[in-house]
Every structure is written in structure tokens, then in C-alpha cells.
Amino acid sequence: MRRRTVTAGSLDEILQVTAPAPATEQPAAPPAAAPPPREDHGLRTEFEFELPRGYVDEAGTVHRHGAMRLATARDELRPQIDLRVKENPAYLSVVLLSQVITRIGSITDVHAGIVERMYATDVAFLQDFYRRVNSEGHTRAAVTCPHCEGGFEVDLSGGRLGES
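Residues numbered from 1 in each chain as written. Predicted model: local features only at pLDDT ≥ 70, side-chain atom pairs only at ≥ 80, totals over all residues. Heavy atoms only, no water.

Taking an unreviewed UniProt entry as the reference, the chain is identified by name as Secreted protein belonging to Streptomyces glaucescens.

Structural data, given as C-alpha cells:
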């Protein structure tokens, strides 16, 4: 592959060519109308969660609360062309989770490196959470009490045990 080099001249020439045109006084434009309020279609696109153990960052801070958005077709296709996934298909879930997790604690730049450093129990929780949110559209799970064998639902998105 050959690269072409394009010369644009000296820095002063570039600044002169790219300088904005001098402003001429024009009457102020009327303020733009506010965008219409967004309609709520009842579609929930982001789901809160609480990790069982929590992600421990470099400073030793534990982050347990986070949010995951619904996956798009692009989110599911992009890992297929990732070289790390091609070398190790098990890495697919790491790449996929890093794309749909919007925050963990105060961390908003969630990338594959962060998911790699999570405890296995938290990754398993997030994989199940992803499946529930994207396949079933909710975060509830049916469980059975080991003592009375009564069935009930719990919300996996977090909160304290026994609360829903």
C-alpha cells in the first residue's frame, strides 16, 4: 500500500486559507423554535443494574451500579469483524458488553479493558442481564423459594433483596 503525501504550504498560508470570512453586520436571526417535546412511546432503552461483586478500578474504588442500553444490530455485528474475537470467539461477549454498558459507577467510558478486569461472576451476571433485556424485554426472573418452594419474581436490575 502506497501513501500519498500532499503538501499544503506553510502554516501561515494554511491559516489564511482556512480563516473565517470577516463577519458583516446582519440583523440578528430570530431565535429558533424549541424542538417539540419527545413523545414517550413506552419503549425503555436503558436499564439500571447492580453488580453482585462490583468492578474495582485502579484506585481501588468499587463500582457496583451501572446502566446498559438496548443492543442494536450494529452492536451484534461489529464484534464479528473484531480481530480479538476472530482469534478467540469467547472474547465476543467482552466486546459486546463493552459496547452496550453505558456506565459503571462514575465510569462512563466503558471499554473492553474494563470488562476484562471484572470478576467472572459480574461478567456472567451481565451476560444474563443482556440476554434478558434484549431477548425478553425485561429484567425480571422467576425464582423458587428453597424453603417453601413458592414461586415469585425478582428484578435483576438491582436494589436490595426482597424489594421489587
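Attention shifts here to the overall build of the chain. Counting secondary structure elements, the chain contains six helices and five strands. When the helices and strands of the chain are read in sequence order from the N terminus, they spell out α-β-β-α-α-α-β-α-α-β-β. Going through the 164 residues of the chain one by one, you find that 27% of them count as buried. For the chain, the proportion of contacts with a sequence separation of at least 24, taken over those separated by at least 6, is 49%. Here the chain displays about 12,600 Å² of accessible surface, and carbon together with sulfur accounts for 54% of that area. (Helix = DSSP H or I, 4+ residues; strand = E, 2+ residues; numbered from the N terminus. Buried < 20%, exposed > 50% of the residue type's maximum accessible area, 1.4 Å probe, protein only. Contact = heavy atoms within 4.5 Å. Areas by Shrake-Rupley, 256 points an atom, 1.4 Å probe, with all protein chains shown as cover.)

Our next topic: the pairing of strand β2 (residues 62-69). Across seven bridges, strand β1 (residues 46-56) lies against β2 in antiparallel orientation. Considered in β2, the bridge of Tyr-55 is made with His-63. Between the end of β1 and the start of β2, which pair antiparallel, lie five residues, with Gly-60 showing a positive phi angle near 90°. With three bridges joining them, β2 and strand β3 (residues 101-104) adopt antiparallel strand pairing. Looking across to β3, one finds that Ala-67 is bridged to Arg-103. (Pairing = 2+ DSSP bridges.)

Together, Val-56, Val-62 and Tyr-119 make up a nonpolar patch on the protein surface, roughly 250 Å² of accessible area in all. Looking at the secondary structure, you find Val-56 in strand β1. (Patch = residues over 30% accessible without salt bridge, like charges linked within 9 Å, V, L, I, M, F, W, Y side chains within 5 Å. Salt bridge = Lys/Arg side-chain N within 4 Å of Asp/Glu carboxyl O.)

Burial analysis of helix α4 (residues 92-100) places eight of its nine residues in the buried class, the great majority of the element. Along α4, the residues that are buried comprise Ser-93, Val-94, Val-95, Leu-96, Leu-97, Ser-98, Gln-99 and Val-100. On the buried face of α4, the contacting elements are β2, α2 (73-77), α3 (83-87), β3, α5 (112-116) and α6 (120-136).

Attention shifts here to the sheet that holds β2. Two pairing modes exist for strands in a sheet, parallel and antiparallel, and in both the strands are linked by backbone hydrogen bonds. Here three strands make up an open sheet; going across it, the order is β1-β2-β3 and the pairing antiparallel. One side of each edge strand has no neighbouring strand; the edge strands of this open sheet are β1 and β3. Strand-to-strand twist across the sheet, computed as the mean angle between neighbouring axes with direction ignored, equals 25°. Relative to the sheet, α6 contacts β1, β2 and β3, its axis offset from that of β1 by approximately 170°. (Axes fitted to C-alpha atoms, helices over the stretch in contact; angles between N-to-C directions.)

This paragraph deals with unusual backbone geometry. At Glu-149, a position not held by glycine, the phi torsion is positive, near 60°. Among the secondary structure elements, Glu-149 is positioned in the loop between β4 (140-144) and β5 (151-155). Look at Glu-149 and you get exposed, because its relative accessible area is 64%.

Counted under the stated rule, the structure contains seven salt bridges. For the salt bridge of Glu-58 with Arg-117, the shortest nitrogen-to-oxygen distance reads 3.3 Å. Note that Glu-58 is positioned in the loop between β1 and β2 and Arg-117 in the loop between α5 and α6, a separation of 59 residues in sequence. The class of Arg-117 is partly exposed, set by a relative accessible area of 45%. A salt bridge links Arg-69 to Asp-75, with the shortest nitrogen-to-oxygen separation between them at 2.7 Å. On the accessibility criterion, Arg-69 (26% relative accessible area) is partly exposed. Its relative accessible area of 4% is what places Asp-75 among the buried residues.

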